[in-house]
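# Structural overview for review
These are the residues of each chain, in order.
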Amino acid sequence: MADNGKNFSVYNLGSFKELADKEIDGAKGRVMLGHLLGLTGCEISINSRKAGEAVPFVHHHKMNEEVYMILSGSGIFHIDGEEFPVGEGDMIRVAPAGMRSIKAVEPLVYACIQAHDGSLAQATMLDGVITKDKTSWM
Ligand code: ZN
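So, here's what we can say about the structure. (Residues numbered from 1 in each chain as written. Predicted model: local features only at pLDDT ≥ 70, side-chain atom pairs only at ≥ 80, totals over all residues. Heavy atoms only, no water.)

On to the sheet that holds strand β5 (residues 64-72), then. The strand order across the open sheet formed by five strands is β3-β4-β10-β5-β8, and the pairing between neighbours is antiparallel. Where the open sheet ends on each side, the last strands, each with one partner, are β3 (30-32) and β8 (91-94). Here the average twist between neighbouring strands, direction ignored, is 15°. Relative to β8, β5 runs antiparallel, the two sharing four bridges. Of the residues in β8, the one forming a bridge with Y68 is I92. (Pairing = 2+ DSSP bridges. Helix = DSSP H or I, 4+ residues; strand = E, 2+ residues; numbered from the N terminus. Axes fitted to C-alpha atoms, helices over the stretch in contact; angles between N-to-C directions.)

Laid out in structure tokens, this is it:
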């Protein structure tokens with residue numbers, strides 16, 4: 001779905017509650033949206049872990065910072081030997097060198113966004129352009 005000739009792409013994951021048991025692209029409980037949506041500036045994964053499940057390794061990145069967005073449930077986050085509880089609404093930015101892992105305490109759903117560290121040149125208030133186009137509700 002990388003290039004459909006339109007200015008948008010859509011993919012439906014279904015219920016977050018059912019994601020932990022779902023296998024998409026050979027991975028259980030984890031969906032990489034990059035190729036599904038044709039992302040070009042970041043990678044986003046949506047992850048679901050059952051209570052007690054954990055990422056079975058500690059990792060860091062070569063070039064990408066990551067933002068973990070806890071969407072529901074609770075868990076324990078590990079960065080550079082430090083561990084702390086996380087829950088719905090927590091947003092955690094990890095620099096490329098950060099040695100990280102995560103474990104679910106309760107069923108845990110989180111998004112992880114990867115982008116090249118230092119690549120953001122501008123954001124919404126500077127990048128967005130309001131047009132005269134109208135929607136059906138305007
Ligand atoms: Zn990572």
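Let us keep going from here.
On the protein side, the zinc ion has H59 (NE2), H61 (NE2) and E66 (OE) as donor atoms, found 2.0 to 2.1 Å from it. Mapping the donors of the zinc ion onto the primary sequence gives the spacing H-x1-H-x4-E. For the pair formed by H61 and E66, the shared burial category is buried. (Donors = N, O, S within 2.8 Å, 3.2 Å for Na, K, Ca; no water. Buried < 20%, exposed > 50% of the residue type's maximum accessible area, 1.4 Å probe, protein only.)

Here we come to the pattern of salt bridges. According to the stated counting rule, one finds four salt bridges in the structure shown. Among the salt bridges present, the one from E66 reaches R100, with a minimum N-O distance of 2.6 Å. Taken together, the positions of E66 in strand β5 and R100 in strand β9 (residues 100-104) put the pair 34 residues apart, joining distant regions of the chain. Judged by its relative accessible area of 0%, R100 is buried. One salt bridge connects R93 with D117, and the closest N-O pair in it is separated by 2.8 Å. With R93 in strand β8 and D117 in the loop between β10 (108-116) and α3 (124-127), this residue pair connects regions lying 24 residues apart in the sequence. Counted as one network, the salt bridges with shared partners bring together E65, R93 and D117. (Salt bridge = Lys/Arg side-chain N within 4 Å of Asp/Glu carboxyl O.)

A residue is classified by how much of its surface remains accessible, and E66, at 2% relative accessible area, is buried. Here the side chain of E66 touches H61 through a polar contact of 2.9 Å, side chain to side chain. At 2.7 Å, the side chain of E66 and the side chain of Y68 are in polar contact. (Polar contact = N/O pair within 3.5 Å; in protein donor to acceptor, adjacent residues only side chain to side chain.)

Honestly, it's all geometry; don't read function into it.
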